[in-house]
Structures are given as C-alpha cells and as structure tokens.
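Structural description and commentary
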Amino acid sequence: MAADSKLTKLQRPQAKLQKSSLFRQSLRKLMHNKLAVSGFGVVVFMFVLCFIGPFFSPYTDNKINMAMMNKAPNLTHWLGTDALGRDILTRVMQAGRISLTVGLASMVLSVLLGALLGAIAGYYRGLADQIIMRVADLLMTIPGLPLLFIFGALLSEWKIPTDYRMYIVMLMLSIVNWPGLARMVRGQMLSLREREFMQAAVVLGLRDRRKLFGHLLPNIVPLLIVMATLNIGGAILSESVLSFFGLGVMPPTPTWGNMIDAANNMIDFQDHPWLWIPPGLSIFATVIAINIFGDGLRDVLDPKQKR
Amino acid sequence: MSTYLTKRLLYMLVILFAASLLIFCLYALTPGDFITGNIKLTAERKAELREIYGLNKPVLERYGLWMKDAFHGNFGYSLAQQKPVLQLFSDYIWNSFLLAAVSTFLTWVIAVIVGVISAYKQYSWFDTLVMVAIFAAMSLPSFFIGLFLIKILAVDLKWLPPGGMITTGSNATGLAYLKEVVRHMTLPVVVMVLLGLGSLTRYFRSNMIDVLQQDYIRTARAKGLKERKVLFTHALRNALLPAITLVGFELPALFGGSLIIEQIFNWPGIGQLYMKSFGLRDYPLLMGFTMFIAILTVIGTLLSDILYRVADPRVRL
C-alpha cells in the first residue's frame, strides 16, 4: 500500500505536465504579455461597469428632473446631468450596454458569415467561389460609410421602431464587414486544402462536411479568434459614427455614439462638455483595450501574421 | 502582362457596372426624394416637377437614362444646387485634395521616421511607447477626437479657428489668404494625420524589423560599413519598397474627401458636400459621389497590383 501511494505521488508531476494543450500553452504565453493582460482587464472592467454598474446607481429610471438640469459634475452626480436632469454616469453605463452588445453581436454575425462563405468559396471553388467572391468584391468596391449611411436613411424612411433599429444596425455592420473576412478565410482554405492531412482525409473517404468542419475550420480558428477580437473594436467605432450622425441607433435608446450627438448643439458643445466627453472617452478606452488585447492574442495564436 | 491587363480591365468594368446598378437601386429604393421633402410645394407642382426630372418613370428606365448620360460624361444634375454634378465636384474636389494631400504627406513622413527608429530600437522604451501610441491612434473615434480638439484648442484656448476654410466675411488675398487657409486647415490636418498614423507606422515598423533580420544586413555590417550606411542605404530602401503598393489604396482618400472630418470641421470639400446633400436627399449628387469613389477604389486597386509588380519583379501577374 505504502509503495503504491509513493508511486502515485511520484507520477503526479508527470501527469500534470502531460495535461498541457495548445489552449493552455497559448494562455500561458498570453499571461506573459503584460500589455495584453491589462488590455483584457480594461475590456472586462468596461463590460462589468456597463452591465452591472447601473444596478448600483440610484438614477437608473432616468426620471426627468427639472431641478437638476445641466448640472456640472458634482458629488451626487459624478459626471453631471443632461438637459432633462438625467445622471450622465448612469446613462454612459446604459449606453455602453447597447454599444458593447452591438459591437459583439455584429462581430459574431460578420465572423459567421465571413468564415462560412469564405470556407465554402475556398473549399468548393468553381461556381460557388465565383459568386461569393464577386459579391464580396462588389461590396468592397462601394465605399463603406456611404453604404452604411444609405442603409441608415432607409431605416429612418421606413419608420423602423427605435427598439428594433439596434438589431438592424448590427446586421448592417456585418454586411459591410464580412467580405474582408471571407477573403482571408478563403485564402487560408486554398492553402490548407493542398496539405498532406487533407490528402489523407480524401483518401479516407471522409464526407465534405466532416472535412470542412472537422479538419479545415479548426485550423483557421486561431486566426478567426484574432480577427474577431479586432473586429469588435471596429464595429464599436462604426456604430458610434452612425449613431453620431443620427443614422444608427436612435434615442431614447442611448449609445455612446448618440450621446456624443449632444456636441452638435453649439451651447452643449461649448458649455456642457460633460455631456459628450465621457461617452467619447469610453469608446476610446474600450476600443484601445480591445485592440491591444487582440494584438497580444495574434502574437500568441498566429505568430506568422505579425503585421 | 498584357493579357492580364485586358482581363483585369474587363473585370473592372463588370464590377463597376454591377456597382452602378446596386448604387442606383439603393438610392432609388429609398422612399422620399428631394421633392417630397419640400413642404412649400403643392401636390400638382410636385407631380409636375417629378415629370420634369423624370422621377415618375420606372426604376430600370431611369437607370438606363442615368447610365446613358454617364457614358456621355454627364453625371446628372444636382436638384438642390441646380448645377451639373460634375461641375460641383470640380468646384469642391480641390479643397478636399488640399486637405488630403497635406495630411497624407505628413502621415507618410512621420510614419517612416517613427517606424524606422522604433524598429531599429526594438523593445526599447521608445519602441514600447510607439506601440502604445499606435494602438491609441488606431482606436480613436474620428469625430470625437475632432470635436475634442476643437473644444480645447479653438473654443477654450482660441489658438486656432474652429472650422471653415477662411474666416467668415474675409476677403483676404495673396499671402494673407494663404496664411488664413493654413490656420484653418491645421486642426483638420492634425486629426487626419493622427487617424492615419497608427496603421502606417506599424506597417513600416514591421517591414523594417523584417529587413533588419535579413542576411544582407549582416553582410553589410560584416563588411564593416558604417551603421548609418547600413541603416539608410541597405535597410531603409528595402523596407520602403513594398509601401509602393499602398499608394494605390490612398487614391480614394486623396480625391474622395473625408465625410466625417470635413463635416466636423465645416471644410468646404466634396465630403461635406455629400453630407449636406444627404440631408436633402439630392440623389443625383449622392449617386454621382458614391459612383465616383467606387471608380477611384477600383482604379486604386489596379494601380496597387501593377505597382506591386514593378516593386517586385518576381511577382507574376
């Protein structure tokens, strides 16, 4: 008995070593990159602040309070109040919920669309490739911002309820974003399908679906993770531009972009900077943190593409 | 090469044709037009105007007419400004070009210098600082940084004018005019340089890092060349060469104006013209502008591919 337990004790460190996987290795490497870790910390902080923060605020109901109009930052309202007496800090947090959700959701949509279409184009080639890539070329030819503006104007003309606009904005952003992703995934597919392991898959007589989802896609997952992360920042920026020009998500749904819209009013711009500077800084902080984290991820997951 | 070029040009035309159809349909499908928005007009007058401008015809017929005119060099007639679209473009485009050219030039110069130094001193504190600055520049919301700088430098400190190209009501000429324009364009140029600097500096930095690891750099050092010579004649030239392909991609930005920056700084360029017309639903102008950028993008991409071949003869087109 005693010898047995001794043996397991001896073996234990070995067993621990064998548990190392690609995921663990990458995580360990990532933890060494202090900049990336702090970027991740800021992203988590922003998410926690926006999604949990409002529960601790006494002003979540956004009641109109005429006695507290346009107050500068003070002890009760840390970031001041707006023209309706609403607390800016609470509104920034609530707006962040929408902005972050739009960024995340549109990233998921564009990555799904881009990866799927790119994979199909690269794997099947031929007609499917032609059709998908020509559509991608077409969408990349037309400038993104005017395209988004037209979509935004269409939404306004069709009188889409403001509650739904948020979801359509997500869709719009992914329509503009997927071609770039599809092009990249297709390139990867074209090179992967010529490798030995794919020849083996052909020899084994695997079905297309298994080759695609079991062998090809897992190989581009690291790349996709990196692109997805960097994409969130871009989506948040695009959404804020659209909402700032009144073509994205509209009030009363607050987003960081349409809060900065206050700056379009000369008096608010000059005399009440607390109305529009906090949401702007929130966008900046979030996007820079996401980009730094994404870059750290790239170094770990996709060291070949250092650019 | 020539068969490649013919094929490429044909494909360009097809893509542009498809783009024109898509652009036209998008604008034509948007409900409401320049005439609907005008509340001063009676219903009969509106119908009359629609007749005159041909807005009551079916979409495909209107598209046909639009394309026919476009092939004759007539890109339509702005309804709001009552001028041909092409003439409006030529009125506004040079203001945009001035802004874009100056800021592109400055961006490239700064990006090369900073990128090369930080690559040469990789992992130094300067390099780390540059990397953080690059991320900051890439994460700036363009409209916010514009507003922020106007607020601080123009409104609070009153160092620079907040917008426009010349002071309102000013009729300065000669050197005084030049000075006025330079003062007005400082802020927008600073913002545009800030926005463009991130990715370009990063590009030059990573190019330079790649080149510095090449064998011919070691050879140059082994020969006993001065470090300055190694850096500037051997490394820099090879690091800069691939950037020639980026020139093509700058084309739409150079002539297409910047929607956001021109709007924020009230700069009388083609981007601001677009934003103004957007509110008025002046479709001929909007379609013309979008098509114009699409053409520039396609030409720019072709230019890049050709320059890529010039820079690296190993690339077969």
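Residues numbered from 1 in each chain as written. Chains lettered and ligands numbered in written order. Predicted model: local features only at pLDDT ≥ 70, side-chain atom pairs only at ≥ 80, totals over all residues. Heavy atoms only, no water.

Identification of chain B as Glutathione transport system permease protein GsiC from Paenibacillus auburnensis is taken from an unreviewed UniProt entry. The record in UniProt for chain B states the following under Sequence similarities (unreviewed entry): "Belongs to the binding-protein-dependent transport system permease family." (UniProt positions renumbered as here; feature names shortened; annotations may be inferred.)

For chain A, an unreviewed UniProt entry supplies the name Glutathione transport system permease protein GsiD and the organism Paenibacillus auburnensis. Here is the UniProt Sequence similarities (unreviewed entry) comment for chain A, exactly as written: "Belongs to the binding-protein-dependent transport system permease family." Here is the UniProt Subcellular location (unreviewed entry) comment for chain A, exactly as written: "Cell membrane".

A few points about the overall build of chain B
A count of helical and extended segments in chain B gives 13 helices and two strands. Dimensions along the principal axes, computed over C-alpha positions, put chain B at roughly 85 × 60 × 35 Å. The buried share of chain B, taken over its 317 residues, is 47%. Nonlocal contacts in chain B, meaning residues at least 24 apart in sequence, comprise 71% of its contacts between residues at least 6 apart. Total accessible area on chain B is roughly 16,400 Å²; 67% of this is exposed by carbon and sulfur atoms. (Helix = DSSP H or I, 4+ residues; strand = E, 2+ residues; numbered from the N terminus. Buried < 20%, exposed > 50% of the residue type's maximum accessible area, 1.4 Å probe, protein only. Contact = heavy atoms within 4.5 Å. Areas by Shrake-Rupley, 256 points an atom, 1.4 Å probe, with all protein chains shown as cover.)

What about the UniProt feature "transmembrane region" (unreviewed entry) in chain B?
Taking the numbering used here, the UniProt-annotated feature "transmembrane region" (unreviewed entry) corresponds to residues 9-29, 92-117, 129-154, 185-204, 239-265 and 285-308 of chain B. Between the end C-alpha atoms of residues 9-29 of chain B the distance is 30 Å, and the span holds 100% helix and 0% strand.

Description of the environment of Thr167(B)
Residues and elements named next belong to chain B. By secondary structure assignment, the location of Thr-167 is in the loop between helix H6 (142-156) and helix H7 (174-212). It is 34 Å that separates the C-alpha atoms of Thr-167 and Thr-201, two residues lying 34 residues apart in sequence. Setting aside anything within four residues of it in sequence, one finds Thr-167 in contact with Glu-180 and His-184.

Digging into the interface of chain B and chain A
Taken together, the contact pairs 45 residues of chain B with 43 residues of chain A. Considering only the side of chain B, the residues that lose the most area to chain A are Phe143(B), Phe144(B) and Lys151(B), jointly responsible for 16% of the buried surface there. Seen at the junction of chain B and chain A, the total is one salt bridge. Note that Arg202(B) is salt-bridged to Asp295(A), the shortest N-O span being 2.1 Å. At the junction of chain B and chain A, the tally comes to five residue pairs in polar contact (both at pLDDT 80 or more). (Buried area = accessible area lost by both parts, 1.4 Å probe. Salt bridge = Lys/Arg side-chain N within 4 Å of Asp/Glu carboxyl O. Polar contact = N/O pair within 3.5 Å; in protein donor to acceptor, adjacent residues only side chain to side chain.)

As for the pattern of salt bridges
Residues and elements named next belong to chain A. Enumeration over the complete set of coordinates arrives at 13 salt bridges over all chains. Salt-bridge contacts for Asp-137 lead to Arg-183; the nearest nitrogen and oxygen are separated by 2.5 Å. Pair noted here: Asp-137 is in helix H5 (residues 126-141) and Arg-183 is in helix H7 (residues 162-192), with a separation of 46 residues, a long-range link. On the basis of relative accessible area, Asp-137 is assigned to the buried category, the value being 13%. Look at Arg-183 and you get partly exposed, because its relative accessible area is 39%. Salt bridges here are not isolated pairs; linked through shared partners, they connect Arg-125, Arg-193 and Glu-194.

A short note on the UniProt feature "domain: ABC transmembrane type-1" (unreviewed entry) in chain A
Mapped onto this structure's residue numbering, the UniProt feature "domain: ABC transmembrane type-1" (unreviewed entry) falls at residues 96-294 of chain A. Regarding residues 96-294 of chain A, the helix share stands at 82% and the strand share at 0%, and the terminal C-alpha atoms are separated by 20 Å.

Some details on the side chain of Thr253(A)
Structurally, Thr253(A) is set in the loop between helix H9 (208-244) and helix H10 (256-260). Residues within four places of Thr253(A) in sequence aside, it is in contact with Ile98(A), Thr162(A) and Asn258(A).

A word on the UniProt feature "domain: ABC transmembrane type-1" (unreviewed entry) in chain B
Taking the UniProt record as the reference, the feature "domain: ABC transmembrane type-1" (unreviewed entry) is found at residues 93-304 of chain B. Along residues 93-304 of chain B, the helical share is 79% and the strand share 0%, with 23 Å between the first and last C-alpha atoms.

Some details on the packing of aromatic side chains
All names here are of chain B. According to the stated counting rule, one finds 23 aromatic pairs over all chains in the structure shown. When the ring of Trp-94 is compared with that of Phe-97, the centres are 5.7 Å apart and the planes differ by 85°; the resulting orientation is edge-to-face. You can see Trp-94 and its partner Phe-97 sitting in helix H4 (residues 85-120), three residues apart, about one turn around the helix. Among the residues examined, Phe-97 registers a relative accessible area of 25% and is labelled partly exposed. (Phe/Tyr/Trp six-rings, centres within 6.5 Å; stacked < 30°, edge-to-face > 60°.)

Details of the packing of helix H6 (residues 144-157) of chain A against H7(A)
Residue and element names in this part refer to chain A. Packing of H6 against H7 brings their axes to within 10 Å, and their N-to-C directions diverge by 155°. One element, H6, and the other, H7, form an angle in the roughly antiparallel class. Where H6 crosses over H7, the two elements pack in a sense that is right-handed. Along its contact with H6, which presents Gly-144, Leu-147, Leu-148, Phe-151, Gly-152, Leu-155 and Ser-156, the element H7 presents Arg-165, Ile-168, Met-172, Leu-173, Ile-175 and Val-176. Class assignment of the residues belonging to the contact of H6 with H7 gives a composition of nine nonpolar, three polar and one charged. (Axes fitted to C-alpha atoms, helices over the stretch in contact; angles between N-to-C directions. Parallel < 35°, antiparallel > 145°, perpendicular 65-115°, else oblique. Left-handed = near helix turned anticlockwise from the far one by under 90°. Nonpolar A, V, L, I, M, F, W, Y, C, P; charged D, E, K, R; others polar.)

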